[in-house]
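Topology and contacts: notes
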Number of protein chains: 2
Amino acid sequence: MNYCSQCGATVVLRVPDGDNLPRFVCETCRTIHYQNPKVVAGCIPEWEDRILLCRRAVEPRYGLWTIPAGFMENGETAEQAAARETVEEAQAEVEVTSLYAVFSIPHISQVYMIFRGAMRTLDFRAGHESLEVRLVRLEAIPWEALAFPVIHETLTRYVQDVKNGTFPVHLGKVLPTRF
Amino acid sequence: MNYCSQCGATVVLRVPDGDNLPRFVCETCRTIHYQNPKVVAGCIPEWEDRILLCRRAVEPRYGLWTIPAGFMENGETAEQAAARETVEEAQAEVEVTSLYAVFSIPHISQVYMIFRGAMRTLDFRAGHESLEVRLVRLEAIPWEALAFPVIHETLTRYVQDVKNGTFPVHLGKVLPTRF
């Protein structure tokens, strides 16, 4: 950040009075520009004993597999964001049934909120951010071709939970060098 | 937002190519300035059958009661944010023991992530954002003087859960006119 988005003056990085972290501060109009983590809302779309995976048509990790997930938008709930991403990336309608996991990724300042979603129909196809979309059995998850560590972590726990028949809400943190 | 924080040029509000929502876009340096919800991390600090409440020394809702909560910072986990806020507002050390609730507040684009925290000691005192801090029995919660609807919702559910002896993770949305 170089300029104040309110008044256009140059900003400086300093600790504001009464604060304890450096922020971008505009000395002209006095705006403090806070920067905070972003929420990524995701969904595990379920149909009987299979889940829906998408192969990414966009960078980063073009060509690798993921669950539908993306940045939560202003004005929506986290559950709505997860359902919306499932429509956008897999053209599939889900009913969000429960919170599955909350994973913080501090090194990139993201919080993944992942839900389970019951697919309403078998209609799905690649959205414009996906090369293809497939309903896969858990034994067929392409572990070596998953897009992100957080997806690997999520699906590892999910497979175990399906085996156990219990679905606690997972809470954790994902480190940069997970796999 | 009026100016590009990267290059200082005037931004325009338009739907970027391949997107479906209006964003602030810089036509000069091509930066798209996304705006996303913020995470508020909070903690219910527990000591035997009591919880720690803070009376706000800052606006909004100066003088009203709340649990320790505040905006999550870049580079930390949600759990760390909840524990940090408990130190800042109540000078109390907690061990975060579980996720308690995730409440989306779409009309102000916030997501509250509330945790239960076990107080490590009985040391606590008002931080600089609190007028006073009190360890209260659940029967003594000042329902009419709580700072925010989401705190009312959280504590209502908490009292019920303590009665029931079960603590499911709550998921929901808080509307503007809740109380």
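Residues numbered from 1 in each chain as written. Chains lettered and ligands numbered in written order. Predicted model: local features only at pLDDT ≥ 70, side-chain atom pairs only at ≥ 80, totals over all residues. Heavy atoms only, no water.

1. A short note on the interface of chain B and chain A
With 42 residues of chain B at the interface, the matching set in chain A holds 42 residues. Buried area between chain B and chain A, both sides added, is near 3300 Å², and the carbon and sulfur share of it is 54%. The interface formed by chain B and chain A contains two salt bridges. Its salt-bridge partner being E73 of chain B, residue R23 of chain A comes within 2.6 Å of it at the nearest N-O pair. Counting every contact that joins chain B to chain A gives 20 residue pairs in polar contact (both at pLDDT 80 or more). Broken down by secondary-structure element, the contributors of at least two residues to the side of chain B that touches chain A are β4 (38-47), α1 (78-90), β8 (94-105), β9 (110-119) and β11 (170-173) of chain B. Ranked by the residues each element gives to the side of chain B that touches chain A, the list is headed by α1 of chain B, at four residues. Along the lines of polarity and charge, the residues of the side of chain B that touches chain A split into 19 nonpolar, 16 polar and seven charged. (Contact = heavy atoms within 4.5 Å. Buried area = accessible area lost by both parts, 1.4 Å probe. Salt bridge = Lys/Arg side-chain N within 4 Å of Asp/Glu carboxyl O. Polar contact = N/O pair within 3.5 Å; in protein donor to acceptor, adjacent residues only side chain to side chain. Helix = DSSP H or I, 4+ residues; strand = E, 2+ residues; numbered from the N terminus. Nonpolar A, V, L, I, M, F, W, Y, C, P; charged D, E, K, R; others polar.)

2. Regarding the relation of the copies chain B and chain A
You can overlay chain B on chain A at an RMSD of 0.0 Å; the transform is a turn of 180° with a shift of 0.0 Å along its axis. Taken together, the rotation angle and the small translation identify this as a two-fold axis. Taken together, the interface assignments show that 100% of the residues at the interface of chain B recur at the interface of chain A, consistent with an identical surface on both copies. (Least-squares fit on C-alpha atoms with pLDDT ≥ 70 in both.)

3. So, the layout of surface pockets
All names here are of chain B. The space that makes up the second largest pocket amounts to roughly 1000 Å³. If you go around the second largest pocket, you meet 39 residues; those closest to its centre are R56, A69, G70, F71 and E129. Looking at the lining of the second largest pocket, the elements with two or more residues in it are β4, β7 (69-71), α1, β9 and α2 (149-164). When residues of the lining of the second largest pocket are assigned to their parent elements, the largest contribution, four residues, is made by α1. Tallied by class, the residues present in the lining of the second largest pocket amount to 18 nonpolar, eight polar and 13 charged. (1 Å grid on protein atoms, 1.4 Å probe; cavity = no way out; pocket = protein on both sides within 12 Å on 5 of 7 lines; lining within 4 Å. Points joined across faces, edges and corners; volume = space filled by probe spheres on them.)

4. Some remarks on the environment of Q110 of chain A
Residue and element names in this part refer to chain A. Within the element layout of this structure, Q110 appears in strand β9 (residues 110-119). According to the relative accessible area criterion, Q110 is buried, its value standing at 15%. For the pair Q110 and I67, spaced 43 residues apart in the sequence, the C-alpha separation amounts to 16 Å. Setting aside residues no more than four positions away along its own chain, Q110 makes contact with P37, K38, V40, F71, F103, S104 and I105. (Buried < 20%, exposed > 50% of the residue type's maximum accessible area, 1.4 Å probe, protein only.)

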